[in-house]
Structures are given as structure tokens and as C-alpha cells.
Amino acid sequence: MFTAARKMRGGFFLLGRGLKMRVAIVGATGAVGHELLKVLEASTLQMDELQLYASPRSAGLKLPFAGRELTVRATPEGAIDADVILASAGGSISKEKAPAWVAGGAVVIDNSSAFRYDPEVPLVVPEVNGEAALHHKGIIANPNCTTAIAVVAVAPLHRAYGVKRMIVSTYQATSGAGQKGMEELLDQTRVALGGGDAGASVFAHPIPFNVIPHIDAFQDNGYTKEEMKVVWETRKIIGDESLQISCTAVRIPTLRTHSEAITLELERPATPEQARELLRQAAGVEVRDEPGAKLYPMPLTASGKYDVEVGRIRSSLVFGGGLDLFVAGDQLLKGAALNAVQIAEYLQENGALKARQKAEG
Ligand SMILES: NC(=O)c1ccc[n+]([C@@H]2O[C@H](COP(=O)([O-])OP(=O)(O)OC[C@H]3O[C@@H](n4cnc5c(N)ncnc54)[C@H](OP(=O)(O)O)[C@@H]3O)[C@@H](O)[C@H]2O)c1
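Note that the structure is predicted; figures quoted are calculated from it, not measured. (Residues numbered from 1 in each chain as written. Predicted model: local features only at pLDDT ≥ 70, side-chain atom pairs only at ≥ 80, totals over all residues. Heavy atoms only, no water.)

## Things to note about the pattern of salt bridges
Under the convention used in this document: Note on definitions: salt bridges are taken to be side-chain nitrogens of Lys or Arg within 4 Å of carboxyl oxygens of Asp or Glu. Only runs of H or I of at least four residues qualify as helices and only runs of E of at least two qualify as strands under DSSP, and these elements are numbered from the N terminus. Summary of the burial criterion: residues with accessible area below 20% of their type's maximum are buried, those above 50% are exposed, and those between are partly exposed, where the area comes from a 1.4 Å probe applied to protein chains only.
Evaluation of the coordinates by the stated rule reveals 22 salt bridges. The shortest N-O distance in the salt bridge between Arg190 and Asp187 comes to 3.2 Å. Taken as a pair, Arg190 and Asp187 lie in helix α5 (residues 179-193) at a separation of three residues, close to a single helical turn. A relative accessible area of 42% means that Asp187 is categorised as partly exposed. In this structure, a network of salt bridges that share partners links the residues Glu273, Arg276, Glu277, Arg280 and Asp289.

Below, the structure written as C-alpha cells:
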């Protein structure tokens, strides 16, 4: 299971007997789309055709995949002739087009927030609740990036010690806002270094040399939508609606990888050593926790990595028997592209992804 990281192969497999496993990426030219191409290339997902779609602006663009060049097409109006569609073009596109894709026979793994809170749609992080993916009705949702990274570390602790309350403060990279978020950081840092007025268009304020406690829209309760996504989605993935969660989400001037400080109140006390030992065995986690050697999670070391780094594990000074920890996970990978491909792998490994006879012509 979760082999995407481990085997470098050509990217295409021939299934034979006229059967074709056709995979499509919608949003192939975006920040997540680029990572999907790389993760698929390294994945063991058996497929023999990859179709790339984006907006009409990108039609004709060529992107490298497995030693070939694949041409990007404009996303069509109706169905796409594919068995799996990795949707990564935003919530409105998914909402509008996914029903037609499902009606056309595809399984849609959706990176947007369009279907995450639909009780009929499983919200899946394979290390935590992979089995939920098997009960889909055509659409499987990939969680919000901050949530995916947190639950990889928190779910094993919840299973062993019972998390009662969870307080999260995030340090989120500019690529969380897509390609244009990274461009704004790079462009405006140059402007700011030249003494100019950096201004802001993607973010609410200039991002160079700043931190902004504002990601997505403010809600009536004073929290932002990004913060509430962590609350709603963590409960759905872990399968415990009683979990008390509070989050403060903050944008910082890094290119990729979200970091999170997490405080946990536990039903049964855990020592830092017990938590480290448990997390060393946990899928998708790299314990990086030797403060004396200056080893702890950081975007610099976690970027490009499939595992989520977890460190700074210590006993909470506030909640007796509870824990404080710090995590850093590449949100374009575990928070998006990697998790989506792992869901597809999980379905295939469990016989739930059927290659179909390709319609000729
Ligand atoms: N960035 C993250 O860390 C992250 C993490 C988890 C989930 N997500 C979600 O993943 C999705 C994509 O995010 P991203 O960061 O990759 O955004 P992005 O860099 O802005 O890329 C957007 C993609 O959507 C395509 N697109 C835009 N309008 C379209 C249209 N009308 N028809 C078809 N395709 C269209 C774009 O194509 P063109 O290049 O042709 O415009 C591009 O390929 C979003 O729903 C986002 O919330 C992102």
C-alpha cells in the first residue's frame, strides 16, 4: 500500500486484452497538476493512457511525462473518456463538470472543496481511512491540504490515546494559493528588495517579509473558512464528530510546505517517548525530533518529501498527559497530488478500479 513514493517506473503499463486504464488530469497546468504528473510518473498505478486538460488558454501546451510529451487539451463540456479523473481545476469547475464525468463512467478524485462535506462523498487520507474510498458513488474528495498533513500525525495518536481537544496554528506556504501565489511572493520580494511598494493581489496584504492571519473568507463565528475546514474535515476523516478543534491559519512567505503547531489534550496520558515510538511506526510520517542536533520539521527539509515530518514532541504544559508537536508537510504532495494518487492506487490494489474496453474511434 502507498507505493507512490517507492518505485520509479516508466509511468505507463500495458494491461493487455484490449483493456485500457485511462487516467485524466483536469487542471494539469496548475501547481497541483504539475505535481500530479511527477507523482504519477513514480507511481505503481497501472495505466496505459494519460490525458491532460486545463483551460482553453493552455490548449496545445506540451508537458513531459514518462519520456514523452503529452498535449494539454481544453476541458470539454461533457464526459471525459477516462476511468479515473484527477480533478484539480478548482471548486466551481468540479461542481459544474464532475456529475457528467461520473455519468460517463469515471471515478473522480477531486482536489477541490466542492464535495468534501457531502455525506455521500468519502473524504479520504489512505493512511487514516482508506477503506472509506471503497464506498464511493463516483466521487472521492481529497481533503484540504492543512487537514491532510495534520491527520497523518494526529490519527495514530488519536487511535492510541484518544484526542479530546486539538489546537492548531498553521504556517502556510504561498503555493497553497496555487501557481499565482508563488509568483506573487517571488515578484513582490524583488520589488520590495528594490525599495518599491510590493502591493498585493493574490493575498490580502503584501506577503514579502510579512505573515497574514487571513486565509479564505471570514465566517460569522470569527474563524476563516480555511480554519473551519480543518475542524470539519479532521472530524470527518478521523470519524469522530465529538473531537474539539480550534485552528488559526496563517500565510507566511515561503514557496511550499505547510507547517503546523499542534497541541493535543488526550483521554489517556502519553509521554513524548511513547508518541515518538508510535509515530515512527506510522505510515506517511517521518519523526524528525532531535532538538540537540537542530533536527526538527521545517519547510526546507520537508519540501519534495512524501512523508510528513513530525518533531518538537513534548509534554503539554497546559493539558496534563497531553502533547505539543510541530509538523511540516509538502502540501502540494501529501496535501494534494500525492494523496490523490494514493487514493487511486488504493482503489486499484483493492480491485475497485476497473479498466474498461476502450471505445474505438
Ligand atoms: N495549491 C495547493 O496547495 C492545493 C492543495 C490542496 C488542494 N488544492 C486545490 O486544488 C485545485 C487546484 O489548485 P492549484 O493550486 O493547482 O491552482 P492553480 O495553480 O491556480 O491551477 C489551476 C488549474 O486549473 C485550470 N483551470 C482554470 N480554469 C479552468 C477552466 N475554466 N477549465 C479547465 N481548467 C481550468 C488551470 O488551467 P490554466 O493553466 O489553463 O489556467 C490550472 O491548470 C484547487 O481546487 C485548490 O483548492 C490546492
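Alright, that's what it looks like, and here's the rest.
## Observations concerning the site of the ligand
Heads up, the rule is: Any residue with a non-hydrogen atom lying within 4 Å of a molecule or strand is treated as near it. Pairing of N or O atoms within 3.5 Å defines a polar contact, subject to two protein rules: one partner must be a possible hydrogen donor and the other a possible acceptor, and residues neighboring in sequence count only if both atoms are side-chain atoms. Throughout, the ten residues Ala, Val, Leu, Ile, Met, Phe, Trp, Tyr, Cys and Pro are labelled nonpolar, Asp, Glu, Lys and Arg are labelled charged, and all others, Gly among them, are labelled polar. Each domain span listed reflects an automatic or database assignment of domains.
Close to the ligand lie 27 residues, the nearest being Thr29, Val32, Ser55, Arg57 and Ser58. Here an oxygen atom of the ligand and a side-chain polar atom of Gln331 are 3.2 Å apart. Each residue belonging to the shell around the ligand can be placed in one class, and the counts come to nine nonpolar, 17 polar and one charged. Split by domain, the shell around the ligand shows at least three residues from each of two domains, domain 1 (19-143 + 337-357) and domain 2 (147-331).

## Side note on the UniProt feature "binding site: NADP(+)" (unreviewed entry) in the protein
Counted only if it meets this: UniProt positions are given in the numbering used here, feature names are shortened, and annotations may be inferred rather than shown by experiment.
UniProt's entry tags Thr29, Gly30, Ala31, Val32, Arg57, Ser58, Ser175, Gly176 and Gln331 with the feature "binding site: NADP(+)" (unreviewed entry), counted in the numbering of this structure. What stands out for the annotated residues spanning 303 residues is how far apart their C-alpha atoms range, the widest pair being 25.9 Å apart. Among the secondary structure elements, Gly30 is positioned in the loop between β2 (22-26) and α1 (31-42). Assessed through its relative accessible area of 24%, Gly30 is described here as partly exposed.

## Describing the UniProt feature "active site" (unreviewed entry) in the protein
What counts here: We call two residues in contact when some of their heavy atoms are within 4.5 Å.
Residues given the UniProt feature "active site" (unreviewed entry) here are Cys145 and His258. These annotated residues cover 114 residues of sequence, but their C-alpha atoms sit close together, with the largest distance between any two at 8.1 Å. Tracing the backbone through its elements, the reader meets Cys145 in helix α4 (residues 145-161). With relative accessibility at 14%, the residue Cys145 sits in the buried group. Not counting the four nearest positions on each side in its chain, Cys145 is found in contact with His258, Gln331 and Gly335.

## Remarks on α4
Put simply, the test is: By definition here, a helix of n residues has an expected span of 1.5 Å times n minus one. What we call the bend at a residue is the angle made by axes fitted to the seven residues finishing there and the seven residues starting there.
Its 17 residues give α4 an end-to-end C-alpha distance of 24 Å, which sits within 8% of 24 Å, the value for a rise of 1.5 Å per residue. The largest bend in α4 is about 40°, located at Val151. Most of α4 sits out of view: 15 of its 17 residues are buried. Taking the backbone nitrogen of Thr146 as reference, a side-chain oxygen 3.0 Å away marks Asn144 as the first, capping residue of α4. Positive phi appears at Gly162, one or two residues downstream of α4, with a value of about 70°.

## Points about the packing of α4 against helix α6 (residues 225-238)
Put simply, the rule is: Inter-axis angles, ranging from 0 to 180 degrees, are taken between N-to-C directions of lines fitted to C-alpha atoms, where helices are fitted over the stretch in contact. Note that the term roughly parallel is reserved for angles under 35 degrees, roughly antiparallel for angles over 145, roughly perpendicular for angles of 65 to 115, and oblique for everything else. Throughout, a crossing is termed right-handed when the near helix is turned clockwise from the far one, and left-handed when it is turned anticlockwise from it by less than a right angle.
Direction vectors running N to C along α4 and α6 enclose 40°, while the axes themselves pass 10 Å from each other. Judged on the interaxial angle alone, α6 and α4 are oblique. The element α4 and its partner α6 pack so that their crossing is right-handed. Touching Thr146, Thr147, Val151, Val154, Ala155 and His158 of α4 are Glu226, Lys229, Val230, Glu233, Thr234, Ile237 and Ile238, all from α6.

## Let's talk about the sheet that holds β2
Quick note on the threshold: When DSSP finds two or more bridges between a pair of strands, those strands are recorded as paired.
Strand order across the open sheet formed by seven strands is β4-β5-β3-β2-β6-β7-β8, with mixed pairing between neighbours. One side of each edge strand has no neighbouring strand; the edge strands of this open sheet are β4 (62-65) and β8 (139-141). With direction set aside, neighbouring strand axes in the sheet form an average angle of 25°. With four bridges joining them, β2 and strand β6 (residues 84-87) adopt parallel strand pairing. By the bridge assignment, Ile25 is partnered in β6 with Leu86. This element, α1, spans β2, β3 (49-54), β4 and β6 of the sheet and lies at about 30° to β4. Against the sheet, helix α9 (residues 333-349) contacts β6, β7 (107-110) and β8, and its axis sits at roughly 150° relative to β7.

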